[in-house]
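The lines below spell out each chain.
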Amino acid sequence: QVQLVESGGGLVQAGGSLRLSCHASGIMFSMHVMGWYRQAPGKQRELVARITPGGSTNYADSVKGRFTISRDNSKSTIYLQMFMLKPEDTAVYYCNAVHMSKAHDPNLGSWGQGTQVTVSS
């Protein structure tokens, strides 16, 4: 049974920072593309950042230069370091794991339960 457990969300003032973590179990972590997505109220879920098993990354334009995704294969965990947070970053952040053979569609993988990030102005 796949489990993705996020942590690290919370309330922060604009300009502040947070680090999210997602621990995965029940999967061969080193074979999965891992990602962070977010969904704000009334909006669709969107990609924030993804990282391949080899460590290649891609980011949404809105977070480039402010967010960094990383993974620790020995701990089956990914991280999202967020700096210079803005009110528009407020959303529920979801962890995603999808096998590298199906990486074209994150919905073919598994999702965590989400963690709330709220940035006050």
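Residues numbered from 1 in each chain as written. Predicted model: local features only at pLDDT ≥ 70, side-chain atom pairs only at ≥ 80, totals over all residues. Heavy atoms only, no water.

Asks: Quick question: what am I supposed to make of the pattern of salt bridges here?
Replies: The full count for this structure, using the stated rule, is 4 salt bridges. For Arg66, the salt bridge is made with Asp89, and the minimal N-O distance between the two is 2.8 Å. With Arg66 in the loop between β6 (57–59) and β7 (67–72) and Asp89 in the loop between β8 (77–82) and β9 (91–99), the pair connects residues that are 23 residues apart, well separated along the chain. On the accessibility criterion, Arg66 (7% relative accessible area) is buried. Judged by relative accessible area, which is 1%, Asp89 ranks as buried. What emerges from the salt-bridge pattern is a single network uniting Arg38, Glu46, Arg66 and Asp89. (Salt bridge = Lys/Arg side-chain N within 4 Å of Asp/Glu carboxyl O. Helix = DSSP H or I, 4+ residues; strand = E, 2+ residues; numbered from the N terminus. Buried < 20%, exposed > 50% of the residue type's maximum accessible area, 1.4 Å probe, protein only.)

Asks: Please clarify how the environment of Val12 should be interpreted in this entry.
Replies: Summarising the element assignment, Val12 is placed in strand β2 (residues 10–13). By relative accessible area, Val12 is classed as buried at 13%. When neighbours within four sequence positions are excluded, Val12 is seen to be in contact with Ser17, Leu18, Leu85, Thr118, Val119 and Ser120. (Contact = heavy atoms within 4.5 Å.)

Asks: Please clarify how the pairing of strand β1 (residues 3–7) should be interpreted in this entry.
Replies: Two faces belong to every sheet, and in a regular strand the side chains alternate between them. Residues Leu4 and Glu6 line the buried face of β1, whereas the alternating positions Gln3, Val5 and Ser7 sit on a face that is not buried. The sheet contact formed by β1 and strand β3 (residues 18–25) spans 5 bridges and is antiparallel. Within β3, the residue paired with Gln3 across the bridge is Ser25. (Pairing = 2+ DSSP bridges.)

Asks: It is not clear to me how the sheet that holds β8 should be interpreted in this structure. Could you clarify?
Replies: Pairing between the strands of a sheet comes from backbone hydrogen bonds, and it takes one of two forms, parallel or antiparallel. What the 4 strands build is an open sheet, ordered β1-β3-β8-β7; its pairing is antiparallel. Strands at the two margins of the open sheet, each flanked by one partner only, are β1 and β7. Strand after strand, the sheet turns through a mean of 15 degrees between neighbouring axes, direction not considered. (Axes fitted to C-alpha atoms, helices over the stretch in contact; angles between N-to-C directions.)

Asks: Is there a simple way to explain the state of the cysteines in this structure?
Replies: Cysteine pairs can be linked by a disulfide, which is a covalent bond between their two sulfur atoms. For the coordinates displayed, the defined rule picks out 1 disulfide. Residue pairing for Cys22: its cysteine sulfur links by disulfide to Cys95, the two sulfurs lying 2.1 Å apart. Given an S-S torsion of about -80 degrees, the disulfide between Cys22 and Cys95 has left-handed geometry. Highlighted residues: Cys22 in strand β3 and Cys95 in strand β9, separated in sequence by 73 residues. (Disulfide = S-S within 2.5 Å.)

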